[in-house]
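# Coordinates in review
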Amino acid sequence: MIKLYTGNVYDALQDTSYTHPLLQFLFQGFKKLTPLYELKDSLENADIAILPLAVEYFQTRDQKNYLKSFISSALENNKPVLLFSTGDFGTTIKRKNLFTLRLGGFDSKLDGQTEIMSPFFEDPLLFLNKEFKVLSKTVSPRIGFVGHANGGALKFIKEFVLFVRGNAIRVIGNDSTDYQHFYPSSYYRQFYLKRIQSNKEIVANFIFRKKYRAGVVTEQDKRVTSIAFYDNIYENQYVFCMRGNGNFSVRFYETLAMGRIPIVINTDCRLPFTSQINWKEHCLIIEKHEIGIVVEKIMEFHNALTDDHFELLQKRNRLLWQDYFTKESYFVHYAKIIQEQCLTDRDDKKNKK
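The structure contained in this document is the topic of the report that follows. (Residues numbered from 1 in each chain as written. Predicted model: local features only at pLDDT ≥ 70, side-chain atom pairs only at ≥ 80, totals over all residues. Heavy atoms only, no water.)

### Description of the environment of T6
- If you trace the backbone, T6 turns up in the loop between β1 (2–5) and α1 (21–27).
- We classify T6 as buried; its relative accessible area is 10%.
- The spatial distance from the C-alpha of T6 to the C-alpha of D178 is 25 Å, given a sequence separation of 172 residues. (Helix = DSSP H or I, 4+ residues; strand = E, 2+ residues; numbered from the N terminus. Buried < 20%, exposed > 50% of the residue type's maximum accessible area, 1.4 Å probe, protein only.)

See below:
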């Protein structure tokens, strides 16, 4: 069992959206987590200190001193610290024995103490009220995509203005999140999708949106667009997955949840649980320098799969999401990461003494 200490700030703030997800789920009483984690009322009796709220909460509310003192107190007492960074961009704090959980970031910039967390969402099959089904292999691969893909000049300019504004705010110190390189994801999505769509060897079932979620605002309209989005995944063998505003793709996990095969454009992404999952066995990963031969890479991958392997891959992807990326299952496997990264070194030092 991993013993966690949250400090004295958490009790009054349990319901905030900034709360560390692990603590949220522990307070909700998830049965698979209670044998693995225990909250302690003192740092002395704990294995690890866990900052109860995302680092951005303290950095945007003039509470940086609390953040620093929490970390310093834990490290001075030889306790590793678990941090959570929220939002599209995330915040990097590199220091020995600080272990960060975040949605995305750039793999080449992140240290070995950073783990990627999957977004959590309702099972899409329950949302659609449909059963999981396996699609048979066809001669031509069927690739789906519904989403924000706008290659217009005005969109490009707008994204550049937002990029400059965002980094300017970071420079003057009003935003602690990581510096971002200019990457107009909507523009590039349309560019890559058009290249795939133009090839006659591929059946491309693409719906291009000029705005995120087609710009809808009412709950009813959101439901309609969500149904169209999930139906597209459900009816296609492959789904094109590329980063959005932040350097990660929610669509990637939604594709796994429905048992389909993600085609991932690697923009220096880090995927979760790389020590436990061989991602190349679950998706096609295309490096940025290979985008010029994207069609060839897709056809090579598709043709190499036997009919049986093609169907088995879909079943394995559905099971992978269920076993690793639901709220409970994620933090069951995260416990293994904590044991390996946070506690093994500490235990080794104790044994040497």
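### Re the sheet that holds strand β6 (residues 114–116)
- Taken in spatial order, the 6 strands of this open sheet run β2-β1-β3-β4-β5-β6, and their pairing is parallel. For this open sheet the edge positions go to β2 (37–40) and β6, each flanked by a neighbour on one side alone. Strand-to-strand, the axes of this sheet are offset by a mean angle of 30°, without reference to chain direction.
- With 2 bridges connecting them, β1 and strand β3 (residues 48–50) associate as parallel partners. The residue bridging Y5 from the neighbouring strand is A49, located in β3.
- Against the sheet, helix α3 (residues 64–76) engages β1, β3, β4 (81–85) and β5 (98–102), with an angle of about 155° to β4. (Pairing = 2+ DSSP bridges. Axes fitted to C-alpha atoms, helices over the stretch in contact; angles between N-to-C directions. Contact = heavy atoms within 4.5 Å.)

### Notes on the side chain of N266
- Mapped onto the elements, N266 comes out in strand β10 (residues 261–266).
- Relative accessible area serves as the criterion here: at 17%, N266 is assigned to the buried category.
- A polar side-chain atom of N266 sits 2.9 Å from the main-chain amide nitrogen of C269.
- The contacts of N266, once residues within four sequence positions are left out, are I285, I286, E287 and K288. (Polar contact = N/O pair within 3.5 Å; in protein donor to acceptor, adjacent residues only side chain to side chain.)

### Details of the sheet that holds strand β8 (residues 203–209)
- Taken in spatial order, the 5 strands of this open sheet run β8-β7-β9-β10-β11, and their pairing is parallel. The outermost strands of the open sheet, each flanked by one partner alone, are β8 and β11 (284–287). Here the strands of the sheet are splayed against their neighbours by 20° on average, with no regard to which way each runs.
- For strand β7 (residues 142–148) and β8, the ladder comprises 7 bridges, and the chain directions are parallel. Each bridged residue has a counterpart across the sheet, and for R142 the counterpart in β8 is V203.
- Relative to β7, helix α7 (residues 219–235) is tilted by about 160°, and along the sheet it contacts β7, β8 and β9 (238–241).
- The strands touched by helix α8 (residues 250–257) are β7, β9 and β10; relative to β9, the strand with the most contacts, the crossing angle is about 165°.

### Some remarks on the pattern of salt bridges
- For the structure shown, the criterion picks out 9 salt bridges.
- Between K40 and E38 there is a salt bridge, with the nearest N and O atoms lying 3.5 Å from each other.
- A salt bridge links E159 to K155; the shortest N-O distance between them is 3.8 Å. Linking E159 with K155, this pair stays in helix α5 (residues 153–171), spanning 4 residues, or about one helical turn. Here E159 matches K155 in class, with each residue buried. (Salt bridge = Lys/Arg side-chain N within 4 Å of Asp/Glu carboxyl O.)

### Some details on empty space enclosed by the protein
- Scanning all chains against the criterion turns up 3 cavities of 30 Å³ or more.
- Its boundaries defined by the atoms lining it, the largest cavity holds a volume of some 120 Å³.
- As for the largest cavity, its lining consists of 16 residues, and the residues nearest its centre are F248, S249, V264, C269 and L271.
- Looking at side-chain class alone, the lining of the largest cavity contains 11 nonpolar, 3 polar and 2 charged residues. (1 Å grid on protein atoms, 1.4 Å probe; cavity = no way out; pocket = protein on both sides within 12 Å on 5 of 7 lines; lining within 4 Å. Points joined across faces, edges and corners; volume = space filled by probe spheres on them. Nonpolar A, V, L, I, M, F, W, Y, C, P; charged D, E, K, R; others polar.)

### A few points about the nonpolar core
- In this structure, Y37, F325 and F331 are the most contacted members of the largest nonpolar core, which totals 54 residues.
- When residues of this core are assigned to their parent elements, the largest contribution, 8 residues, is made by helix α11 (residues 327–352).
- The contact partners of F325, leaving out residues within four places of it in the chain, are S118, P119, F120, Y253, L256, P272, F273, I277, W279, L320 and Y330.
- Counting residues in each nonpolar core, the second largest holds 26 residues, with I261, I298, M299 and L305 among its members. (Core = buried A, V, L, I, M, F, W, Y, C linked by side-chain atoms within 4.5 Å.)

### As for the pairing of β7
- Counting buried positions along β7 gives 6 out of 7 residues, so the element sits mostly inside the fold.
- Where β7 meets β9, 2 bridges bridge the pair, whose relative direction is parallel. The partner of I143 across the bridge, within β9, is Y238.

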